[in-house]
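# Structure at a glance
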Amino acid sequence: MLSSEILSLSRRRKMNSLLIPKELRAIAEKIEARVRISDADALDLYRSNDLNALGVMASAVRERKNGNYATYIHNRYINYSNICVLSCQFCAFAARKRDAHAFEYAIEEIVHTVAEALRLGVTEVHMVGGLHPTLKKDWYLRLVRSLRALDPDLHIKAFTAIEIRHLARRIFRMPIRDTLELLRETGLGSITGGGAEIFDAAVRDEICRGKETAEEWLDVHRTWHGMGGRSTCTMLYGHIETLEHRVDHLRQLRALQDETGGFTGFVPFAFEPQTTVLSHIKAASAFEQLRNLAVSRIYLDNVDHLTAYWVSMGLPLAQVALSYGVDDLHGTILEEKIFHMAGATTPQQQTAAALEHAIREAGREPAQRDSHYRRINSTQVAPVNGAEPVGAKLACA
């Protein structure tokens, strides 16, 4: 890089103090000096209504870590079943076997669906489901093995920490580490970040009674990271939690990241109340979603990437989020069910062209990434057997 380019980059990274109100300048100075902010600082940021100032500070952190790039991944979502032994109050996805909206796909159906997505150029299958009471150990292993056989380069990102504990305790009847080792030997590439919700025990008792505790969720990821694995981390916000609960959640994620360094990115989700038993709760506003992203970017100084989940936010707001600390728009997704069954009205897919356009229009440089947020060269895939180029129909998540 030329010295003039370095100087220009340095100037861009320096915050304009005129845009920072007096009450936030001490925090801004910490950010400039690369000093970790405290929990009290995070609460002050959450309580601020100066969204522009939060965006300036979050963007400084984002640019320091990722420059002007914004990424997306070519992936295919698979929800293999929504049959679940839990009945979380916030969830409209889960079902009992007898429920009309219950579903369970056969392995052959899943393999066919992923094979079709591979023809469009996906690099990852993202697969989660309910805590199924009767599927056997061999079913899960055969599923992962069959997907691995499709393409050795396909990254299989599957199972939340909650699913892993379910598999270990009820299905495989093995220690968690042994369960993870077996799944990895069969083809698992990484585990997902879902199931974290909000870590506070009282909140969990209200919205997902019976679900694993925060420490149990963290311990699965700690174990996976200790094996050399990587994963994402998440937060479900905008329901009954307080700002203090959000900060506590971020603190526990930051602490585990200090310990393991295994989280690749943070993906916060705004709660979709429409078809849940918590439908009386008002959905998080666009303002609140942007503020949450900005505070998360500033606080999680040891997590390199922040994803705006367009399935929850919608692509227009996710595009705006690129100015509030976000450096990733997730992927092509193709047929997401969990948020849409809760009432989300966003599309179930986005084309690569739409994502790249949104990124460029926001003044950023688009780049396709892999499952660990590493930029890869090509965003185009050659047609297969007369199929249209990937940019014509592939949806990203």
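Please read these numbers as outputs of a predicted model, since none were measured by experiment. (Residues numbered from 1 in each chain as written. Predicted model: local features only at pLDDT ≥ 70, side-chain atom pairs only at ≥ 80, totals over all residues. Heavy atoms only, no water.)

## Some thoughts on the overall build of the protein chain
How we decide: The secondary structure listing takes helices from DSSP runs of H or I that are at least 4 residues long and strands from runs of E that are at least 2 residues long, numbered from the N terminus. Here, residues are in contact when the closest pair of their heavy atoms is within 4.5 Å. Only the protein chains shown count as cover for residues, and the accessible areas themselves come from Shrake-Rupley with a 1.4 Å probe.
Scanning the protein chain from terminus to terminus reveals 17 helices and nine strands. Long-range contacts, defined as pairs at least 24 residues apart, comprise 77% of the intrachain contacts of the protein chain with a sequence gap of at least 6. When the accessible area of the protein chain is evaluated, it comes to approximately 16,200 Å², of which 50% is carbon and sulfur surface.

## Digging into the pairing of strand β3 (residues 124-128)
Each regular strand carries side chains that alternate between the two faces of the sheet. This is how it is decided: Burial here depends on accessible area, computed with a 1.4 Å probe over protein chains only, as a share of the maximum for the residue type. Under 20% is buried, over 50% is exposed, and the range in between is partly exposed. Only strands joined by at least two bridges in the DSSP assignment are considered to pair.
Most of β3 is tucked away: five of the five residues are buried. Burial along β3 is two-sided: the face carrying Glu 124, His 126 and Val 128 and the face carrying Val 125 and Met 127 are both buried. As defined by bridge partners, strand β2 (residues 75-79) adjoins β3 across five bridges and the pair is classed as parallel. Across the sheet, Arg 76 pairs through a bridge with Val 125, a residue of β3. Direction of pairing for β3 relative to strand β4 (residues 155-158): parallel, over a ladder of four bridges. Bridging across to β4, Val 125 finds its partner in Ile 156.

## Regarding the packing of helix α7 (residues 161-171) against helix α8 (residues 176-186)
Under the convention used in this document: Here an axis means a line fitted to C-alpha atoms, over the contact stretch when the element is a helix, while the angle between two N-to-C directions is reported on a 0 to 180 degree scale. What sets the label is the angle itself: under 35 degrees gives roughly parallel, over 145 gives roughly antiparallel, 65 to 115 gives roughly perpendicular, and the rest give oblique. For this scheme, ten residues count as nonpolar: Ala, Val, Leu, Ile, Met, Phe, Trp, Tyr, Cys and Pro. Four count as charged, namely Asp, Glu, Lys and Arg, and the remainder, Gly too, count as polar.
As a packed pair, α7 and α8 sit with axes 9 Å apart at the nearest point and diverge in direction by 105°. In terms of orientation, α7 lies roughly perpendicular with respect to α8. Counting all contacts with α7, which are made through Ile 164, Arg 165, Leu 167 and Ala 168, the residues of α8 involved are Ile 176, Thr 179, Leu 180 and Leu 183. Class assignment for the residues of the contact of α7 with α8 results in six nonpolar, one polar and one charged.

## Comments concerning the nonpolar core
What counts here: Among the buried residues, those of types Ala, Val, Leu, Ile, Met, Phe, Trp, Tyr and Cys that are joined through side-chain atoms within 4.5 Å form a nonpolar core.
Residues Met 57, Phe 159 and Trp 217 are the most contacted members of the largest nonpolar core, which totals 112 residues. Here this core gets seven residues from one element, more than from any other, and that element is helix α4 (residues 51-66). In contact with Met 57, not counting residues within four places along its chain, are Met 15, Ile 20, Leu 24, Ala 28, Ile 31, Leu 45 and Ile 298.

## Structural notes on the side chain of Asp 327
Our working rule: In the analysis that follows, any N or O atom pair within 3.5 Å is treated as a polar contact, provided that within protein one partner can donate a hydrogen and the other can accept it, and provided that, for residues neighboring in sequence, both atoms belong to side chains.
Among the secondary structure elements, Asp 327 is positioned in the loop between α14 (315-321) and β8 (328-331). At 2.7 Å, the side chain of Asp 327 forms a polar contact with the side chain of His 305. With sequence-adjacent residues up to four places away left out, Asp 327 is seen in contact with Arg 62, Asn 66, Tyr 69, Ala 70, Thr 71, Asp 304, His 305, Leu 306 and Arg 364.

## Some thoughts on the sheet that holds β4
Here three strands make up an open sheet; going across it, the order is β2-β3-β4 and the pairing parallel. A single partner strand is all that each edge strand has here, and the edge strands are β2 and β4. Sheet twist, expressed as the average angle between the axes of neighbouring strands with direction ignored, equals 20°.

## Digging into unusual backbone geometry
In the Ramachandran plot, Glu 197 falls in the positive-phi region, its phi being about 50° despite a non-glycine side chain. Here Glu 197 lies in the loop between α8 and α9 (201-207). What makes Glu 197 buried here is its relative accessible area of 8%. Its identity is not glycine, yet Tyr 373 carries a phi of approximately 70°, on the positive side. Positionally, Tyr 373 belongs in the loop between β9 (365-368) and α17 (390-393).

## Digging into helix α3 (residues 39-47)
Regarding α3, the residues found buried are Asp 41, Ala 42, Leu 43, Leu 45 and Tyr 46. Buried residues in α3 make contact with α2 (25-32), α4, β5 (231-237), α11 (243-260) and α12 (286-299). N-capping of α3 is provided by Ser 38, with a side-chain oxygen placed 3.4 Å from the backbone N of Ala 40.

## Side note on the confidence of the model for the protein chain
Threshold: As a per-residue quantity, pLDDT reports the predictor's confidence and falls between 0 and 100.
Summing up the model confidence of the protein chain, the mean pLDDT is 85 and the portion of residues at 70 or higher is 81%. Taken as a whole, residues 1-11 scores under 50 in pLDDT and shows two contacts with residues more than four places along the chain or in a different chain. Counting contacts from residues 378-397, a segment whose pLDDT is below 50, to residues more than four positions away or on other chains yields 62 contacts.

## Focus: the sheet that holds strand β6 (residues 263-270)
If you trace the three strands from one edge of the open sheet to the other, you get β5-β6-β7, paired in parallel fashion. At either margin of the open sheet sits one strand with a lone partner, and together these are β5 and β7 (305-306). Pairing between β6 and β7: two bridges, direction parallel. Across the sheet, the residue bridging to Gly 265 is His 305, located in β7. Of the strands in this sheet, β5 and β6 touch α11, which is tilted by about 170° from β5.

## As for the pattern of salt bridges
Selection criterion: Within this document, salt bridges are pairs made up of a side-chain nitrogen of Lys or Arg and a carboxyl oxygen of Asp or Glu, the two lying within 4 Å of each other.
Taken as a whole, this structure holds 23 salt bridges when the rule is applied. Among the ionic pairs, Glu 259 bridges to Arg 222, the shortest N-O distance being 2.8 Å. Residue Glu 259 is located in helix α11, and its partner Arg 222 is located in helix α10 (residues 214-226); the two are separated by 37 residues in the primary sequence. In this structure Arg 222 comes out as partly exposed when scored by relative accessible area, which is 24%. Between Arg 246 and Glu 241 there is a salt bridge, with the nearest N and O atoms lying 2.9 Å from each other. Neither Arg 246 nor Glu 241 differs from the other in exposure class; each is buried. Where salt bridges share partners, they join Arg 165, Arg 169, Glu 212 and Glu 216 into one cluster.

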